[in-house]
Amino acid sequence: MKAWTFDRYGSPDVLRLEDVPDPAPGPGEVLVDIRAAALNPYDWRILGSDPLVARVSLGLRRPRAGAILGADLTGEVVALGDGVTDLAVGDRVLGEVELGACAQRAVASADRLVVVPDGVTDIQAAAVPMAGQTAWKAVHAVGRVGAGDRVLVNGASGGVGTFAVQLAVAAGATVTGVCSGGNAELVRSLGAAAVVDYTVTDFTEERTAYDVLIDTKGTHPLRRFLRTLVPDGRLVLVGGGGGKLLGPATHVLLGVLANHLQRRTIGVVGWKPNAADLAAVIGLVADGAVSPVIDRVVPFADVPDALRYLRLGHARGKVVIEV
Ligand SMILES: NC(=O)c1ccc[n+]([C@@H]2O[C@H](COP(=O)([O-])OP(=O)(O)OC[C@H]3O[C@@H](n4cnc5c(N)ncnc54)[C@H](OP(=O)(O)O)[C@@H]3O)[C@@H](O)[C@H]2O)c1
């Protein structure tokens, strides 16, 4: 099969399109014939070892042998490993792998996959796994957003933000989105009641008090985020910011410490894919309550360029690869 591999850390220039053997599913896994994959900041962070701590999972000097880019995928199950009973050959599924989605086939844990509902396209389904699940956790598990809450989403036009705005609106919240002026109309169309153009206004200087702030960008120190919240408000840290060594983990560590020093709650959205969250989001997509926002669909041959584009940090929703 064809796959976008890398054997050293670096820019998208280090990616190689190679012929590699099909992987074989182990116990609890399935082999998926991939139809579409989506890119996430996770991919350029892993590939570029940015921050350096990202090397811990893949190898300190070099990535582990046979590393293939990509986490989000949708496709057809073509083989089952031992013990898989919830999926069958021929099922159309979506889900997340740690590595391997930018390829013609990948092995995935069956418990991280969900069957794609009828009426949802491959491109829509591929856009959902990492960004959709992260937004779901941010809004529900960590943010505990409920009807009537005032919610601010920082980075509202990005992969996670476009889902977070829609999920918070679906939960009955009044949502303010932060993005540049060119994306204001998009964010309003997702249900945001108000938009703050960060190139003109610093939302942490405004008087509005939010119940929940979902931050996907790490644009401000934590104390500036906290002062936008009501006294029992919740700050939800998704990503962004930080230095070369720890990256977004810097905010996470500071947040854990700051939790003990003041009244507002600081919660962190961790990377832990699970089928229940994924099923909830794709169910809302099937019902029409949530629409994945697709910035662009690019051919398989253009994965490095698509990653360069995403790395610029201004994608409107998701960048999807047609495999
Ligand atoms: N915790 C987890 O499990 C998890 C999972 C997924 C992602 N993440 C992290 O979450 C972060 C966001 O991911 P993503 O997929 O949403 O990224 P993304 O799609 O690359 O974000 C792009 C968006 O960011 C907006 N943006 C850029 N600068 C901004 C600023 N100063 N203020 C507000 N918005 C700004 C851009 O809007 P404009 O073009 O209008 O500027 C653009 O629409 C990443 O750091 C990622 O690593 C964490």
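Because the structure is predicted, anything quoted here is derived from the model rather than measured.

Reading the values: rules and limits
Residues numbered from 1 in each chain as written. Predicted model: local features only at pLDDT ≥ 70, side-chain atom pairs only at ≥ 80, totals over all residues. Heavy atoms only, no water. Near = heavy atom within 4 Å. Polar contact = N/O pair within 3.5 Å; in protein donor to acceptor, adjacent residues only side chain to side chain. Areas by Shrake-Rupley, 256 points an atom, 1.4 Å probe, with all protein chains shown as cover. Nonpolar A, V, L, I, M, F, W, Y, C, P; charged D, E, K, R; others polar. Domains from an automatic or database assignment. Patch = residues over 30% accessible without salt bridge, like charges linked within 9 Å, V, L, I, M, F, W, Y side chains within 5 Å. Salt bridge = Lys/Arg side-chain N within 4 Å of Asp/Glu carboxyl O. Helix = DSSP H or I, 4+ residues; strand = E, 2+ residues; numbered from the N terminus. Contact = heavy atoms within 4.5 Å. Core = buried A, V, L, I, M, F, W, Y, C linked by side-chain atoms within 4.5 Å. Buried < 20%, exposed > 50% of the residue type's maximum accessible area, 1.4 Å probe, protein only. 1 Å grid on protein atoms, 1.4 Å probe; cavity = no way out; pocket = protein on both sides within 12 Å on 5 of 7 lines; lining within 4 Å. Points joined across faces, edges and corners; volume = space filled by probe spheres on them.

Trainee: What exactly am I supposed to notice about the site of the ligand here?
Mentor: In the vicinity of the ligand, 28 residues are found, and the nearest of them are Ser157, Ser180, Tyr198, Val269 and Ala315. Contact between the ligand and Asn183: an oxygen atom at 2.8 Å from a side-chain N or O atom of the residue. Within the side chain of Lys217, one N or O atom sits 3.0 Å away from an oxygen atom of the ligand. When the ligand is considered free in solution it has 940 Å² of accessible area, and contact with the protein chains removes 89% of it. Of the residues that constitute the shell around the ligand, the class distribution is 11 nonpolar, 15 polar and 2 charged. Shared between two domains, the shell around the ligand takes at least three residues from each, and those domains are domain 1 (2-128 + 292-322) and domain 2 (131-268).

Trainee: What's the story with a nonpolar patch on the surface in this structure? I'm lost.
Mentor: On the surface, a cluster of nonpolar side chains totalling about 300 Å² of accessible area is made up of Val53, Val56 and Leu60. Tracing the chain through its elements places Val56 in the loop between helix H1 (41-48) and strand E4 (72-80).

Trainee: What is the right way to look at the environment of Val293 in this model?
Mentor: Within the secondary structure, Val293 sits in the loop between helix H8 (275-287) and strand E14 (294-299). For the pair Val293 and Gly28, spaced 265 residues apart in the sequence, the C-alpha separation amounts to 32 Å. Discounting residues that sit within four places of it in the chain, Val293 has contacts with Thr162, Gln166, Leu186, Leu190, Arg316, Gly317 and Lys318.

Trainee: Is there a simple way to explain the nonpolar core in this structure?
Mentor: The nonpolar side chains of a soluble globular protein tend to be buried, and buried together. Phe6, Leu39 and Leu69 are the most contacted members of the largest nonpolar core, which has 42 residues in total. Elements with a minimum of two residues in this core: strand E3 (29-39), H1, E4, strand E6 (105-109), helix H9 (303-311) and strand E15 (318-322). With near-sequence residues (within four places) excluded, Phe6 lies in contact with Val14, Leu15, Ile46, Leu47, Leu58, Pro63, Ala67, Ile68, Leu69 and Leu99. Counting residues in hydrophobic clusters, the runner-up holds 41 residues, among them Ala125, Trp136, Val151 and Val212.

Trainee: Quick question: what am I supposed to make of H9 here?
Mentor: Since one α-helical turn is 3.6 residues long, residues separated by three or four positions face the same way. Listing the buried residues of H9 in full gives Val303, Pro304, Ala306, Leu307, Tyr309 and Leu310. Remark: Gly313 follows H9 within two positions and exhibits a positive phi of approximately 85°.

Trainee: Help me out: how do you make sense of unusual backbone geometry in this one?
Mentor: Negative phi is the rule for most residues except glycine; trans is the rule for most peptide bonds. Asp50 connects to Pro51 through a cis peptide bond whose omega is 10°. Looking at the element boundaries, Pro51 is found in the loop between H1 and E4. A positive phi angle, near 50°, is found at Ser49, a position not held by glycine. Structurally, the position occupied by Ser49 is in the loop between H1 and E4. Residue classification places Ser49 among the buried positions, given a relative accessible area of 2%. For Arg144, which is not a glycine, the phi torsion comes out positive at approximately 45°.

Trainee: I keep staring at empty space enclosed by the protein and nothing clicks. Help me out?
Mentor: In this approach the atoms are scanned with a rolling probe the size of a water molecule, which exposes any empty space left behind. The full count for this structure, using the stated rule, is 1 cavity of 30 Å³ or more. Considering the residues around the largest cavity, the lining is formed by Glu96, Met130, Gln133, Thr134, Lys137, Gly270, Trp271, Lys272 and Pro273. When residues in the lining of the largest cavity are grouped by element, the largest group, 4 residues, is from helix H3 (residues 129-142). When its residues are assigned to classes, the lining of the largest cavity shows 3 nonpolar, 3 polar and 3 charged.

This is a description of form; function is not addressed.
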